[in-house]
Amino acid sequence: MRIGELAAAVGVTPRAVRHYHHLGLLPEPERRANGYRDYTLRHAVVLARIRRLTELGLGLAEVRDVLADDAGRELVEVLGELDEDLARQETEIRERRGRLRVLMTDARAGRLSAEGPVSPELAALFGKFGPAPQSPMAVKDREVFALLDTTATPEARAEMLAALESMMAAPGAVERAHEAYALLDALADAEPDDPRVAEAARLLADLIPPDMVPQDTPIDDDGGNTGTGSFLRALYADFAPAQAEAIRRTLRILMEDRR
């Protein structure tokens, strides 16, 4: 057989056949007197096997290992690894489709907020607040939690979600949270020494579990160049002066409560 005939018989391209020669997967055939390759049935059998293995998802390096082991032990091992990998992919796809269904449902109902999509766990916690909030401070709060949900380490993320779950489980927590948001919204045009700043700080401190704030959290803008310090500086800069002062005082109260 010529290379075109071999390729057509197995259902691949002549270019693929040449590539398999180059990689050493397919033995080079003898050449006729005119210089053309003369492929045999054995070449077709090996080429068909290469095609089947690649269609299963094996890489060419793995195919080489399989072909090198006539007893088939390597094939069993490689196929087992491939099966495990496909099982992981199936699980990930199911989870992603589950999240997509939730997002589609929320989008149709007008509940998909600007900070989404978020993890199912955080979405469930957001759902306890009811419809998407109209409060500008509530929107910012959800955006910050969505940011942490994405960027935090798995351990820190788990701790954050557990703390939020604990906070939301307290009687009247949702109502107090909405009250705190309303008070902070009212401070948008206020001065840092406004009496309502202290009221907002106390309300927030009563709502937030003290252990939700790491013990070494810097409080002021000059809290160092650590990741937490830089994050807080960016956080304060996003708020009005009175709102930022209310958050600083909240952190001070929580740190004192931990002592």
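Structure's up top.
Our subject in this report is the structure included herewith. (Residues numbered from 1 in each chain as written. Predicted model: local features only at pLDDT ≥ 70, side-chain atom pairs only at ≥ 80, totals over all residues. Heavy atoms only, no water.)

Examining the overall build of the chain
Defined as follows: Strands are runs of DSSP state E lasting at least 2 residues, helices are runs of H or I lasting at least 4, and numbering of each runs from the N terminus. Residue burial is assigned from relative accessible area. The probe radius is 1.4 Å, only protein chains are included, and a residue is buried under 20% of its type maximum, exposed over 50%, and partly exposed in between. Residues count as neighbours in contact if any of their non-hydrogen atoms are within 4.5 Å of one another.
Counting its regular elements, the chain contains twelve helices and zero strands. Ordered by position from the N terminus, the helices and strands of the chain form the series α-α-α-α-α-α-α-α-α-α-α-α. Taking all 259 residues of the chain together, 36% fall into the buried category. Once local pairs closer than 6 in sequence are excluded, the contacts in the chain between residues at least 24 apart make up 58%.

Some remarks on the nonpolar core
Basically, it comes down to this: Joining through side-chain atoms within 4.5 Å is the link that ties buried Ala, Val, Leu, Ile, Met, Phe, Trp, Tyr and Cys residues into a set, and such a set is a nonpolar core.
The biggest cluster of nonpolar side chains holds 43 residues, and the ones touching the most others in it are Leu122, Leu164, Leu184 and Leu187. Residue assignment for this core shows that the elements contributing at least two residues are helix H6 (120-127), helix H7 (136-151), helix H8 (154-169), helix H9 (173-186), helix H10 (195-207), helix H11 (227-237) and helix H12 (241-258). When residues in this core are grouped by element, the largest group, eight residues, is from H12. Among all residues touching Leu164, those that are not within four sequence positions of it are Leu122, Leu125, Phe145 and Met212. Grouped together as the second largest cluster of nonpolar side chains are 21 residues, Leu25, Leu47, Leu53 and Val63 included.

What about a negative patch on the surface?
Heads up, the condition is: Surface patches are drawn from residues lacking salt bridges whose relative accessible area is over 30%; two like charges belong together within 9 Å, two nonpolar side chains (Val, Leu, Ile, Met, Phe, Trp, Tyr) within 5 Å. Only the protein chains shown count as covering a residue, and every accessible area follows the Shrake-Rupley method with a 1.4 Å probe. Here, a salt bridge means any side-chain nitrogen of Lys or Arg that lies within 4 Å of a carboxyl oxygen of Asp or Glu. Here Asp and Glu are counted as negative and Lys and Arg as positive; His is not counted, and neither are the chain ends. One atom stands in for each charge, and that atom is NZ of Lys, CZ of Arg, CG of Asp or CD of Glu.
A cluster of acidic residues, Glu62, Asp65, Glu77, Glu81, Asp83, Glu84 and Glu90, forms a negative patch at the surface. Put simply, the parts of the chain that give the negative patch at least two residues each are helix H4 (60-68) and helix H5 (73-108). By residue number, the principal contributor to the negative patch is H5, which donates five residues. With respect to the secondary-structure elements, Glu84 resides in helix H5.

Comments concerning the packing of aromatic side chains
Counted only if it meets this: Note on ring pairs: Phe, Tyr and Trp rings are taken, using the six-membered ring of Trp, and paired if centres are within 6.5 Å. Classes follow the plane angle, with under 30 degrees stacked, over 60 edge-to-face and the rest tilted. To sit over a ring, a charge needs its Lys NZ or Arg CZ within 6 Å of the ring centre and within 35 degrees of the ring normal.
Taken as a whole, this structure holds zero aromatic pairs when the rule is applied. Residue placement shows Arg248 over the ring face of Tyr236; its charged tip is 4.3 Å from the ring centre.

Considerations on H10
What counts, and what does not: To estimate how far a helix should reach, multiply one less than its number of residues by 1.5 Å. Polar contact is defined as a pair of N or O atoms within 3.5 Å, subject to the rule that within protein one atom must be able to donate a hydrogen and the other to accept it, and that residues adjacent in sequence are counted only when both atoms are side-chain atoms.
Its 13 residues place the ends of H10 19 Å apart at the C-alpha level, agreeing with the 18 Å of an ideal helix rising 1.5 Å per residue. The opening residue of H10, the one whose side-chain oxygen lies 2.8 Å from the backbone nitrogen of Arg196, is Asp194.

Considerations on H8
Residues spaced three or four apart along an α-helix face the same direction, because each turn holds 3.6 residues. Operational definition: The arc under discussion is defined with respect to the helix axis, by the directions toward the C-beta atoms.
Taking 1.5 Å of rise per residue, 16 residues should cover 22 Å, and H8 covers 22 Å from first to last C-alpha, within 8% of that figure. Along H8, the residues classified as buried are Arg157, Met160, Leu161, Ala163, Leu164, Met167 and Met168. All buried residues of H8 fall inside an arc of 160° around its axis, so they share one side. Seen from the open side of H8, the exposed residues pointing more than 90 degrees away from its buried face are Pro154, Glu155, Glu159 and Ala169. Along its buried surface, H8 packs onto H6, H7, H9 and H10.

Let's talk about the side chain of Arg37
As for its position among the elements, Arg37 is in the loop between helix H2 (14-23) and helix H3 (41-55). A distance of 3.0 Å separates the side chain of Arg37 from the side chain of Glu28, its partner in a polar contact. Apart from the residues within four sequence positions on either side, Arg37 is in contact with Met1, Arg2, Ile3, His21, Glu28, Pro29, Glu30 and Arg31.

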